[in-house]
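Here are the chains, one letter per residue:
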Amino acid sequence: MSHTARRFLSTITVKPTPSKAHHHGPLPSNTFPKGYLLTGIHAGVKKVSGVPDLGIILSTSSKPTSAAGCFTRNAFKAAPVVVSEDILARNGGRARAVVVNSGCANAVTGKQGMDDAWAMVKATDALLPSTNSETLVMSTGVIGQNLPISKVLSAIQSQQADQPTRTLQNNFDAWERAAKAFMTTDTFPKLRSRVFTIDGVEYRMAGMDKGAGMIHPDMGPPKGQLHATLLGCIMTDAAVSPRSLQNALTYAVDRSFNSISVDGDMSTNDTILVLANGAADGAAAEIDEEHSKDAFEQFKQELTAFAIDLAQLVVRDGEGATKFVTVTVKNAATYADAHKIASRISTSALVKTALYGEDANWGRILAATGSVPLTREVDPKTVSVSFIPADGTAALPVLVNGEPENVDEERASEILRQEDFELCVDLGGLGEAEAKYWTCDFSYEYVRINGDYRS
């Protein structure tokens with residue numbers, strides 16, 4: 001047998017992608033925030049008739065609605081990203097509506113793309129009582145193609161108050177329709193809601209996101225201040241000042257959406273938006289980090305936990321993914337150092353293919369760890385690596401203080417056969433900082449999906 005023939009022999013079994021349907025189900029309508037109307041409809045962006053491809057979200061609160069966003073730092077920002085950043089800057093962090101289409105990213109589309117994004121904004125503004133531009137816009141799909149804008153505008157206009165085709169509501173069905181309008185290669189709508197209390201007032205938070213491929217976000221506040229597309233929108237009926245809402249979102253995104261990776265590719269359209277309309281309690285003052293520090297800290301932590309829940313759904317629905325893996329790096333000198341190492345491990349093609357093959361090849365994890373420049377240099381003699389199952393059974397150390405363990409390969413295979421597990425890298429004595437990343441494996445199915453994405 002030739003050397004070339006031997007090279008392509010494989011013992012890997014091609015595994016079917018497990019169903020993800022159990023990650024979506026009905027949610028109680030009383031867990032959705034007050035003062036919003038939503039829908040998802042078919043505009044004709046997608047080829048398949050009847051499939052939702054246009055989502056609309058309106059705030060109907062009598063109080064001003066604060067808005068915040070974190071956007072891609074990709075140099076080729078899509079037209080909707082540029083327009084939404086502009087509106088947030090013009091309005092000082094206020095907005096009352098979101099319109100989103102799927103099936104076309106409206107990215108790298110020149111002047112026509114900008115004109116189309118603004119046309120979507122103006123058409124949605126017409127659904128609001130205000131005459132100002134208060135609509136934020138998002139798009140997802142194929143890059144470099146123009147929207148069928150006349151179809152999109154007609155669909156938006158169908159939601160005018162006097163139209164019999166209007167479907168805007170505030171119940172589970174409406175939220176689910178809106179979530180479905182976000183989807184491209186997603187296999188299920190990603191929708192969550194929760195109820196929380198701050199200073200004796202009950203608030204609600206709900207949101208949706210989409211993403212399965214082209215997922216390795218690096219998002220920041222508007223205009224890029226340092227701190228298949230991922231789109232997300234979170235709504236709450238709490239009252240939060242615009243400045244504090246932006247700071248809370250930036251903190252939350254760094255620990256959630258900026259801590260996931262499916263394939264290591266950053267999109268031109270990545271956007272996470274949050275609206276806070278104050279409809280839960282008309283008498284409550286806006287939560288503000290200077291004037292109500294404890295309330296703000298509570299809200300920030302609620303938003304962060306909620307964002308983590310939504311972000312993890314994206315990884316679970318990763319294109320072709322068969323594994324959901326938490327990568328934990330601890331005892332780093334700084335959070336940024338721990339985060340960079342976790343990111344590097346999560347994006348390593350060698351690590352991700354080993355995960356698919358259920359091969360405990362911890363040398364690849366170490367190679368990824370050692371390739372990252374840090375504020376304090378790693379001492380190989382203090383590093384430990386473990387595989388931790390999600391079922392609560394004992395962890396499996398494979399490296400302890402720089403010394404390889406006599407690994408029980410059968411136990412290692414048992415852990416890696418599970419759908420959920422954790423890779424833990426302990427750097428030893430560099431510090432006490434810890435970061436988490438969530439990633440998945442690379443499968444044959446991922447190649448198939450992305451090999452014919454445009455067809």
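Residues numbered from 1 in each chain as written. Predicted model: local features only at pLDDT ≥ 70, side-chain atom pairs only at ≥ 80, totals over all residues. Heavy atoms only, no water.

Enumeration over the complete set of coordinates arrives at five aromatic pairs. With a centroid separation of 4.9 Å and 10° between ring planes, the pair formed by F32 and W175 is classed as stacked. Highlighted residues: F32 in the loop between α1 (3-7) and β1 (36-41) and W175 in helix α5 (residues 172-181), separated in sequence by 143 residues. Among the aromatic residues, ring-to-ring pairing joins F196, Y203 and F299 into one connected group. Looking at K190, its charged tip hangs above the ring of F188, at a distance of 4.5 Å from the centre. The ring of F324 has R316 lying over it, and the distance from NZ or CZ to the ring centre is 3.8 Å. (Phe/Tyr/Trp six-rings, centres within 6.5 Å; stacked < 30°, edge-to-face > 60°. Helix = DSSP H or I, 4+ residues; strand = E, 2+ residues; numbered from the N terminus. Lys NZ or Arg CZ within 6 Å of the ring centre and 35° of its normal.)

A regular strand places its side chains on the two faces of the sheet in alternate fashion. Most of β1 sits inside the fold, with five of its six residues counted as buried. Summarising the sheet, β1 and strand β2 (residues 54-59) pair through six bridges and their orientation is antiparallel. Across the sheet, residue I41 finds its bridge partner in β2, namely L54. (Buried < 20%, exposed > 50% of the residue type's maximum accessible area, 1.4 Å probe, protein only. Pairing = 2+ DSSP bridges.)

This part covers the packing of helix α3 (residues 110-125) against helix α4 (residues 149-157). Packing of α3 against α4 leaves a shortest axis separation of 9 Å and a crossing angle of 15°. Classified by the interaxial angle, the pair formed by α3 and α4 is roughly parallel. For the crossing formed where α3 meets α4, the hand is right-handed. Taken together, the residues of α4 that come into contact with α3 (itself represented by D116, A119, M120, A123 and T124) are I149, V152, L153 and I156. (Axes fitted to C-alpha atoms, helices over the stretch in contact; angles between N-to-C directions. Parallel < 35°, antiparallel > 145°, perpendicular 65-115°, else oblique. Left-handed = near helix turned anticlockwise from the far one by under 90°. Contact = heavy atoms within 4.5 Å.)

Take the confidence of the model for the protein chain next. Confidence along the protein chain averages 92 in pLDDT terms, with 94% of residues attaining 70 or more. In the predicted structure, residues 1-5 sits below a pLDDT of 50 and forms two contacts with residues beyond four places in sequence or in another chain. Across residues 224-228 the pLDDT falls below 50, and counting only partners more than four positions away or on other chains, this stretch makes 16 contacts in the model. (pLDDT = per-residue confidence, 0-100.)

All right, on to the nonpolar core then. Counting 56 residues, the largest nonpolar core has L54, M120, I156, W175, M208 and M235 as its most contacted members. In this structure M120 touches L54, V99, N101, V137, L147, I149, V152, L153 and I156, once residues within four positions along its chain are discounted. (Core = buried A, V, L, I, M, F, W, Y, C linked by side-chain atoms within 4.5 Å.)

With six of six residues buried, strand β9 (residues 231-236) lies mostly within the body of the structure. Burial along β9 is two-sided: L231, C233 and M235 and G232, I234 and T236, pointing in opposite directions, are all buried. Across six bridges, the pairing between β9 and strand β11 (residues 271-276) is parallel. Within β11, the residue paired with I234 across the bridge is V274.

Moving on, we come to the pattern of salt bridges. This model, assessed by the stated rule, comprises 22 salt bridges. For E286, the salt bridge identified is with R94, shortest N-O distance 3.1 Å. A salt bridge links D237 to R204, with the shortest nitrogen-to-oxygen separation between them at 3.8 Å. Salt bridges sharing common partners tie together R243, D288, E289 and E290. (Salt bridge = Lys/Arg side-chain N within 4 Å of Asp/Glu carboxyl O.)

Taken together, D359, D408, E409 and E410 make up a surface patch of like negative charges. With respect to the helices, strands and loops of the structure, E410 is situated in helix α11 (residues 409-416). When its relative accessible area of 67% is taken as the criterion, E410 is described as exposed. (Patch = residues over 30% accessible without salt bridge, like charges linked within 9 Å, V, L, I, M, F, W, Y side chains within 5 Å. Areas by Shrake-Rupley, 256 points an atom, 1.4 Å probe, with all protein chains shown as cover. Lys, Arg positive; Asp, Glu negative; His and termini not counted. Charge placed at Lys NZ, Arg CZ, Asp CG, Glu CD.)

Turning to the side chain of Q418, a few remarks are in order. Among the structural elements, Q418 can be located in the loop between α11 and β16 (420-426). On the accessibility criterion, Q418 (18% relative accessible area) is buried. One polar contact links Q418 to D391, side chain to side chain, over a distance of 3.1 Å. Residues contacting Q418, with those up to four places away along its chain left out, are K323, P389, A390 and D391. (Polar contact = N/O pair within 3.5 Å; in protein donor to acceptor, adjacent residues only side chain to side chain.)

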